[in-house]
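Descriptive structure summary
Spelled out from the first residue to the last, the chains are:
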Amino acid sequence: MGASEENSALFPIFVLTLMALPLVPYTIVNLFGAFKKKAAKINCQCSVCVRSGKYHKSIFRRISNFSTYSNLTLVLLWVVMAVLVYYIKQISTEVQIFEPFSILGLEYGASDSEIKKAYRRLSIQYHPDKNPDPEAHSYFVEFISKAYQALTDPISRENFEKYGHPDGRQGLQMGIALPQFLLNIDGASEGILLLGIVGVCIILPLTVSVIYLSRSSKYTGNYVMHSTLAAYYHLMKPSLAPSKVMDVFIKASEFMDIPVHRSDEEPLQRLFVLVRSELNLDLKNIRQEQAKFWKQHPALVKTELLLQTQLTRETAALSPTLQRDFRHVLELAPRLLEELMKMAVIPRPPVGHGWLRPAIGVVELSQSIVQAVPLSARKAAGASSEGYAPFLQLPHFSEAVVKKIARKKVRTFQDFCDMTPDERADLLTQVAGFSNGESHDVEMVLEMMPSVTIDITCETEGEEGIQEGDIVTMHAWVTLNRGSGLIRALPHCPYFPFDKEENFWLMLADSFSNDVWLSQKVSFMDEATSIIAVSKTIQESKEGSGASAREINVAVKEAIEKVKNGSRLVMGKFQAPAEGNYNLSSFCLCDSWIGCDAKSNIKLKVMKRSRAGTRGGFAADETPAMEDGIEEDEEEEEEDFDDYESEYSEDEEDTKETKSKGAVANGSAHNKGNSSGSDESGSEAD
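None of these values were measured; they are calculated from a predicted model.

Tallying secondary structure elements over the chain gives 27 helices and 10 strands in all. Counting over 686 residues, the chain shows a buried share of 41%. Across the chain, every contact between residues at least 6 apart in sequence was considered, and the portion connecting residues at least 24 apart equals 70%. Roughly 38300 Å² of accessible area belongs to the chain as shown, and the carbon and sulfur atoms make up 56% of that amount.

And the structure:
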């Protein structure tokens, strides 16, 4: 029994050890990471954002930020460890080594008379005839009697004095750290224990696994339902106009699962009246259009009205029930828009290109939702292809303010950004009626807005030119600059109730054919990951070209320095098309800001594959006269491309200026593009 109790007492120590081994180092790493975080604020500090309470660090917000699943689990495990330590401390006194002299209250080497006297004294106190307490009886039998017998019996005393135990030399005992109830099993409890072990060790994990797999099988790695991706893939069309992207976006299964109650009918009717002008209804047949709108699936109607409420900033009209659904819709919106963007640029047969027009529409919808700007405000007006939408993302701006400053020849957002701070302050205070504080808020937001430049190169590795069928590698350095000097920052979006990271989409596309040749998402939020990725990419690229170790180290250091200064490397490969001259465009579109997109034109020359298999030369039967003819044909083709202006291109003068900067040498295309402001997004709203 004593050995069983001792093994049972070791079980909490065993559990404590297993918990402490991973928990202690994990906690240390987390605390070190928390103290190492930079204290610099990356969110907007204008008065509008401050009043929104979005970044307000109240005690409740701090608790909610701390109350993540990982942090709560960590605290719970430490509480369990503290309970185990207390329990072990309490039971440690119960497991004692058998010491007869100590039990009888005598010093080592006491005489027989002293032993008998102590035994009589303790018998009066603990004997069952004198003390009816069951614990006293147990203590008398288990300790006092055994101690007296060990010291009065000559053999037992000799064994104790020689070997430390009244039974003589003790062999090595092995035990297992298990609870006592597992060691004392009789026939009645054996079956119950077996069922418990099977249930806890087999059935419970299997049930949890089945539930997890059944739920996770419905979602992708981005926590978007597979049925949503299937719907987006089939509903996406190459000619989908930006104004029609909303109709595809709301078809997500996540939105279809939003419940529609009878109590929502009246609030939704009021919302319909407020946002009716943004629903693209035919005013000539308004009654039929309204009836058709309400005949849709109730979840689709509710979702579209809630999204239009965000775009028109009519959130004050939402009921408490709709407020909850409104936040749920906006919480899902960023990752659903990201998946919708992937469905727009995913390679499609037969050529294997994505579609440019719907991709631009998805980004524009994302910008409008984050900045709470109506899609109708993006319609081209006057000299601006973006309308007055970029102005509405600035604090204290409205359509009336835009009309006031337009009278002073400030008709585009780029004109407004090109002004000096003093000129803007005078314009806003004298013309728009802004206070000095409101004018300062505008300057703070302008300093937060990103300016993007693109340095892009397309070439065939190891060859001088590009021939049809070659695998072409695109190297693009995307550099971000802000007036505030920050690289990692959150956008100014006080009407969007959640933190939103800036993401950029880099696309190499043919505006004429509406084809996206390459696309990739670019983020400036995680510098450490970008450094690791660029180091690996540059090292592999240099090793493949046969560079020395010193050259590789120099190239890696230069790339790391670029990343620290706000650049990101984007690489991609595509197969060269048929022989000809191609006017491509590189787009860098921001999903959070309006008017911060960058665009540049790239001329790509693809040569016919020579019969001899060489590059840059001609076959033996070709004459110089034929070569001149080819050059003349190529010049005519280039002139034709120069005369073309796509619906996504810049203004004519900007396009010609950008093309004059592009260079084509031996079939390699290299160009730099700057942030194009509000006039270069090139959207088309129907």
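Another aspect to go through is the pairing of strand 3 (residues 471-481). Counting buried residues along strand 3, 9 of its 11 residues qualify, which places the element largely inside the surrounding structure. Where strand 2 (residues 451-459) meets strand 3, 9 bridges bridge the pair, whose relative direction is antiparallel. Of the residues in strand 3, the one forming a bridge with isoleucine 454 is valine 478. Where strand 3 lies against strand 6 (residues 567-575), 9 bridges are found, and the strand directions are antiparallel. The residue of strand 6 that forms the bridge with threonine 473 is lysine 573.

One pass over the full model with this rule turns up 12 salt bridges. A salt bridge links lysine 403 to glutamate 399; the shortest N-O distance between them is 3.8 Å. In this pair, lysine 403 and glutamate 399 both sit in helix 20 (residues 399-406), 4 residues apart, roughly one turn of the helix. A relative accessible area of 37% means that glutamate 399 is categorised as partly exposed. Residues joined in a network through salt bridges with shared partners are Glu338, Glu339, Lys342 and Lys521.

Next up on the list: a negative patch on the surface. On the surface, Asp499, Glu501, Asp526 and Glu527 cluster together to form a negatively charged patch. Counting through the fold element by element, glutamate 527 comes out in helix 24 (residues 527-544). Here glutamate 527 falls in the partly exposed class, since its relative accessible area comes to 32%.

If you look at the biggest cluster of nonpolar residues, it comprises 59 residues, and the most contacted ones within it are Phe249, Ile369 and Met507. If you list the elements that add at least two residues to this core, you get helix 11 (226-235), helix 12 (245-249), helix 14 (265-275), helix 16 (298-312), helix 17 (320-345), helix 18 (356-371), strand 4 (504-510) and strand 7 (580-590). For this core, the element with the most residues is helix 17, which contributes 13 residues. Not counting the four nearest positions on each side in its chain, isoleucine 369 is found in contact with Phe249, Leu307, Gln310, Leu311, Leu330, Leu337 and Phe496.

In this structure, glutamate 254 sits in helix 13 (residues 253-256). No salt bridge is formed by the buried glutamate 254. Its closest oppositely charged neighbour is arginine 335, at 6.0 Å. A polar contact of 2.6 Å, which involves the side chain of glutamate 254, links it to the side chain of threonine 228.

Moving on, we get to the UniProt feature "transmembrane region" (unreviewed entry) in the chain. UniProt feature "transmembrane region" (unreviewed entry): in the numbering of this structure it lies at residues 12-32, 66-88 and 192-213. The span residues 12-32 shows a helical share of 100% and a strand share of 0%, and its end C-alpha atoms are spaced 29 Å apart.

So, about helix 23 (residues 436-448). Within an α-helix, residues lying three or four positions from one another point in the same direction, as the helix has 3.6 residues per turn. For helix 23, with 13 residues, the first-to-last C-alpha span of 19 Å sits near the 18 Å given by 1.5 Å per residue. Taken together, the buried positions of helix 23 are occupied by Ser439, Asp441, Val442, Glu443, Val445, Leu446 and Met448.

A few words on the packing of helix 17 against helix 18. Two elements in contact, helix 17 and helix 18, have axes separated by 9 Å at closest approach and are oriented at 165°. In this view, helix 17 runs roughly antiparallel relative to helix 18, as classed from their interaxial angle. Viewed along their axes, helix 17 and helix 18 form a crossing whose handedness is left-handed. Residues Leu330, Leu337, Leu340, Met341, Ala344 and Val345 of helix 17 form the contact with helix 18, whose participating residues are Pro358, Ala359, Val362, Val363, Leu365, Ser366 and Ile369. The residue inventory of the contact of helix 17 with helix 18, partitioned by class, reads 12 nonpolar, 1 polar and no charged.

A cluster of nonpolar residues, Val24, Ile28 and Trp78, forms a patch on the protein surface that exposes about 260 Å² of accessible area. With respect to the element layout, valine 24 can be found in helix 1 (residues 2-36).

What follows deals with the confidence of the model for the chain. Scored by pLDDT, the chain comes out at a mean of 79, with 77% of its residues at no less than 70. Here residues 676-686 scores under 50 on pLDDT; set against residues more than four positions off or in separate chains, the count is 48 contacts.

Here the focus is the sheet that holds strand 1 (residues 354-355). Spatially, 5 strands are ordered 1-5-4-7-8 in an open sheet, and the strand pairing comes out antiparallel. This sheet does not close on itself; its edge strands, each paired only once, are strand 1 and strand 8 (598-606). The pairing of strand 4 with strand 7 spans 6 bridges and is classified as antiparallel. Opposite leucine 506, over in strand 7, you have cysteine 588 as the bridge partner. Along the sheet face, helix 17 touches strand 1, strand 4 and strand 5 (515-522) and points at about 15° away from the line of strand 4. Here helix 18 sits on the sheet and contacts strand 1, strand 4, strand 5 and strand 7; the angle it forms with strand 7, its principal contact strand, is near 15°.

By the element assignment, glutamate 364 lies in helix 18. Each C-alpha atom, one on glutamate 364 and one on leucine 375, is 8.4 Å from the other, the two residues being 11 residues apart in sequence.

Cut-offs used in this document
- Counting of residues starts from 1 at the beginning of each chain's written sequence and follows it residue by residue.
- The predicted nature of this model means local features are confined to residues of pLDDT at least 70 and side-chain atom pairs, given and counted, to a pLDDT of 80 or more, with totals for whole chains, interfaces and linings taken over all residues.
- With hydrogens and water stripped out, all remaining heavy atoms of the structure feed into the side-chain values.
- Going along the chain from the N terminus, every DSSP run of H or I of four or more residues is numbered as a helix, and every run of E of two or more is numbered as a strand.
- Throughout, exposure labels follow a simple rule: accessible area from a 1.4 Å probe, protein chains only, divided by the maximum for the residue type, with under 20% read as buried, over 50% as exposed, and the rest as partly exposed.
- The contact criterion used throughout is that any non-hydrogen atoms of two residues lie within 4.5 Å.
- Note on areas: these come from Shrake-Rupley sampling with a 1.4 Å probe, and a residue is covered only by the protein chains present in the view.
- Two strands qualify as a pair provided DSSP detects at least 2 bridges between them.
- The term salt bridge refers to a pairing of a side-chain nitrogen on Lys or Arg with a carboxyl oxygen on Asp or Glu at a separation within 4 Å.
- Exposure above 30% relative accessible area and no salt bridge define the residues that can form patches, which grow by joining like charges within 9 Å and nonpolar side chains of Val, Leu, Ile, Met, Phe, Trp and Tyr within 5 Å.
- Counted as positive: Lys and Arg. Counted as negative: Asp and Glu, with His and the chain ends omitted from the count.
- Charged side chains are reduced to one point each, which is NZ for Lys, CZ for Arg, CG for Asp and CD for Glu.
- Take the buried residues of types Ala, Val, Leu, Ile, Met, Phe, Trp, Tyr and Cys, join any two whose side-chain atoms come within 4.5 Å, and each joined set is a nonpolar core.
- Side-chain atoms alone can form a polar contact between residues adjacent in sequence; in general such a contact is a pair of N or O atoms within 3.5 Å, and within protein one must be able to donate a hydrogen while the other accepts it.
- UniProt positions are given in the numbering used here, feature names are shortened, and annotations may be inferred rather than shown by experiment.
- Expected helix span is given by 1.5 Å per residue-to-residue step, counting one fewer step than there are residues.
- Each axis is a line fitted through C-alpha atoms, taken for helices only over the stretch in contact, and angles between the N-to-C directions span 0 to 180 degrees.
- For classification purposes, an angle smaller than 35 degrees is called roughly parallel, one larger than 145 roughly antiparallel, one from 65 to 115 roughly perpendicular, and anything else oblique.
- What makes a crossing left-handed is the near helix being turned counterclockwise from the far one by less than a right angle; a clockwise turn instead makes it right-handed.
- The classification used treats Ala, Val, Leu, Ile, Met, Phe, Trp, Tyr, Cys and Pro as nonpolar, Asp, Glu, Lys and Arg as charged, and all other residues, Gly among them, as polar.
- Within a predicted model, pLDDT stands for the predictor's per-residue confidence, ranging from 0 to 100.

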